[in-house]
Amino acid sequence: MKQPEIGIPILFRCPISLDLFKDPVTLCTGQTYDRSSIEKWLSCGNSTCPVTMQKLHDSTIVPNTTLRHLIDRWLQINCSHGYDLDYFQTVDDSFVVLKHNLQSKESTLEAKVEALEKVIALSKDLPFENCPLIQLDFFQMILELALENADESLNFEGNIMFVEQALVCGLKLLPFSDLGTLNMLKQDESKFTNFLILFKKGSFMIKKSLCHYIVAISSSLQSKELLVMLGKSKILVQELVHLIENKLDGYEESIKALSALSSVEQNCEVIAKENVVKALITYIVNAPKCEYRSLFGLVMAMKTIETLLVVESAKEDVLDHPNGISEIVKMVFRVSSDNEASESAMNCLIILCQDFMNAREEAICCGILTKLLLLLQSQCSERTKNKARMLLKLLRSMCNRDQK
């Protein structure tokens, strides 16, 4: 019979031996260790706490009876369910070995890549209770490894493969990890620099993975400051635009990343100045109209343009683009099954038509009135229809004013 996949809670492990506590004792620093492990540490002449490295002003060790009772209770519950403690220890030891292989400077590159592949395979079973991958914080460790020595890593094909695998592995663990961990990029300037180097010089696979990390950063309030830092990086924004303009592998992930960066208003000025709006309009012009994947990209591109129109230069970029207004007009009813795309297109036209007479004239010449009437007769949501009525009313009032 297959044993249940369950691990020893990290709080029940000695920080020195990483084994289940047998006789937990506490130092004056508040850290708890197994008696045999800490006595061995102290007998070697050490006068600091192994975890905090604080100097011990008192070497007294006090039995942690509360933790001892909790462990006894945990053992009783698991044994009553037929779980084998030796099995737990074997399973957890294998995770400790995996972590050691990844961190050890003595491990070969091939061994590290193999360890990452094992972690990816194990992550397929997530989530499960007390998973050592999460308890032993594999996510932070793997991300730190990927960001180490970025310049050197990209000079050797084997290292590129390791970074690719590490980033993919991190993405597998990301949904079950603390997103606050990503703030290591903000707290350590060298890691932030290495992130940018990987994006500028890395493979397409590396760039696509980093785009997913940017989207994850945007989803957490804990990392808003980091998102602002990334959005103000011209190097990063230029690389994202380059992927979109040249339709290189990863360009759709780049659109998602730009959308994420634009979600913070402080970033919009920098992003708009890097020709993002022109690149997105060109993408909309050339995107296949029948593929579902392209439909998602169209919606994301349209919403990003809408977000950036708070910046004057972004408005001018739409007007200066030979297909700017006409493509936005087409988007009003091109993907009529998607209310988000239609609403974003109409929001863009409301902003532009309110401010610019030539935008109003071009929109009307491109058939916006017909598009809006078709939208009102379609099966779209009432909210989308209300947006269409609002745009019709605006065009009518502005045209009346223009004629006076």
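Residues numbered from 1 in each chain as written. Predicted model: local features only at pLDDT ≥ 70, side-chain atom pairs only at ≥ 80, totals over all residues. Heavy atoms only, no water.

As recorded by an unreviewed UniProt entry, the protein chain carries the name U-box domain-containing protein and is attributed to Solanum verrucosum. We quote the UniProt Catalytic activity (unreviewed entry) comment for the protein chain here in full: "S-ubiquitinyl-[E2 ubiquitin-conjugating enzyme]-L-cysteine + [acceptor protein]-L-lysine = [E2 ubiquitin-conjugating enzyme]-L-cysteine + N(6)-ubiquitinyl-[acceptor protein]-L-lysine." The record held by UniProt for the protein chain lists under Function (unreviewed entry) the comment "Functions as an E3 ubiquitin ligase." (UniProt positions renumbered as here; feature names shortened; annotations may be inferred.)

A few words on the overall build of the protein chain. Scanning the protein chain from terminus to terminus reveals 23 helices and 3 strands. A burial count over the protein chain gives 49% of its 404 residues as buried. (Helix = DSSP H or I, 4+ residues; strand = E, 2+ residues; numbered from the N terminus. Buried < 20%, exposed > 50% of the residue type's maximum accessible area, 1.4 Å probe, protein only.)

In this section: the sheet that holds strand S3 (residues 62–63). The strands making up a sheet associate through backbone hydrogen bonding, with each pair oriented either parallel or antiparallel. Strand order in the open sheet formed by 3 strands is S2-S1-S3, with antiparallel pairing between adjacent strands. Where the open sheet ends on each side, the last strands, each with one partner, are strand S2 (32–34) and S3. Judged from the 3 bridges that link them, strand S1 (residues 24–26) and S2 form a sheet pairing that is antiparallel. When the bridges of S2 are listed, Val-25 appears paired with Tyr-33. (Pairing = 2+ DSSP bridges.)

This part covers the packing of helix H10 (residues 189–201) against helix H13 (residues 234–245). Between H10 and H13, the least distance of the axes is 10 Å, while the angle of their chain directions is 25 degrees. On the basis of the axis angle, H10 is roughly parallel to H13. The two elements H10 and H13 cross, and the hand of that crossing is left-handed. Note on element contacts: H13 touches H10 through Ile-235, Leu-236, Glu-239, Leu-240 and Leu-243, opposite Leu-196, Phe-199 and Lys-200. For the contact of H10 with H13, the per-class residue count stands at 6 nonpolar, no polar and 2 charged. (Axes fitted to C-alpha atoms, helices over the stretch in contact; angles between N-to-C directions. Parallel < 35°, antiparallel > 145°, perpendicular 65-115°, else oblique. Left-handed = near helix turned anticlockwise from the far one by under 90°. Contact = heavy atoms within 4.5 Å. Nonpolar A, V, L, I, M, F, W, Y, C, P; charged D, E, K, R; others polar.)

Attention now goes to the environment of Leu-352. Structurally, Leu-352 can be placed in helix H20 (residues 339–355). Residue classification places Leu-352 among the buried residues on the basis of a relative accessible area of 0%. In this structure Leu-352 touches Leu-309, Lys-315, Val-318, Ile-325, Ile-328 and Ala-359, once residues within four positions along its chain are discounted.

Let us now look at the layout of surface pockets. The space that makes up the second largest pocket amounts to roughly 160 Å³. Ile-10, Leu-11, Phe-12, Arg-13, Pro-15, Phe-21, Gln-31, Thr-32, Val-51 and Leu-67 are the residues that line the second largest pocket. Classifying every residue of the lining of the second largest pocket by side-chain character gives 7 nonpolar, 2 polar and 1 charged. (1 Å grid on protein atoms, 1.4 Å probe; cavity = no way out; pocket = protein on both sides within 12 Å on 5 of 7 lines; lining within 4 Å. Points joined across faces, edges and corners; volume = space filled by probe spheres on them.)

To continue, consider the nonpolar core. In terms of nonpolar packing, the biggest core is built from 112 residues, with Leu-102, Phe-138, Ile-142, Leu-182 and Ile-305 touching the most fellow members. In this view, Phe-138 contacts Phe-95, Leu-98, Lys-99, Leu-102, Val-119, Pro-132, Leu-133 and Leu-173; residues no more than four positions away in its chain are not counted. Formed by 15 residues, the second largest nonpolar core is a distinct cluster that contains Phe-12, Val-25, Leu-27 and Ile-61. (Core = buried A, V, L, I, M, F, W, Y, C linked by side-chain atoms within 4.5 Å.)

Here we take up the pattern of salt bridges. Evaluated as defined, the whole model comprises 16 salt bridges. Between Glu-340 and Lys-303 there is a salt bridge, with its nearest N and O atoms 2.7 Å apart. In this pair, Glu-340 sits in helix H20 while Lys-303 sits in helix H17 (residues 292–308), placing the two residues 37 residues apart along the sequence. For Glu-340, a relative accessible area of 44% translates into the label partly exposed. Taking the relative accessible area as the measure of exposure, Lys-303 reaches 29% and is therefore partly exposed. We note a salt bridge from Glu-327 to Lys-330, for which the minimum N-O separation is 3.3 Å. Placement of the pair is Glu-327 and Lys-330 together in helix H19 (residues 324–334), with a separation of 3 residues, close to one helical turn. Taking the relative accessible area as the measure of exposure, Glu-327 reaches 4% and is therefore buried. (Salt bridge = Lys/Arg side-chain N within 4 Å of Asp/Glu carboxyl O.)

Okay, H19 next. The element H19 is extensively covered by neighbouring structure, given that 8 of its 11 residues are classed as buried. By the burial criterion, the buried members of H19 are Gly-324, Ile-325, Ser-326, Glu-327, Ile-328, Val-329, Met-331 and Val-332.

Relative to each other, H20 and helix H21 (residues 357–365) sit at 125 degrees, their axes nearing to 5 Å. In terms of orientation, H20 lies oblique with respect to H21. Seen from H20, the contacting residues are Leu-349, Leu-352, Cys-353, Gln-354 and Asp-355; seen from H21, they are Met-357, Ala-359, Arg-360 and Ala-363.

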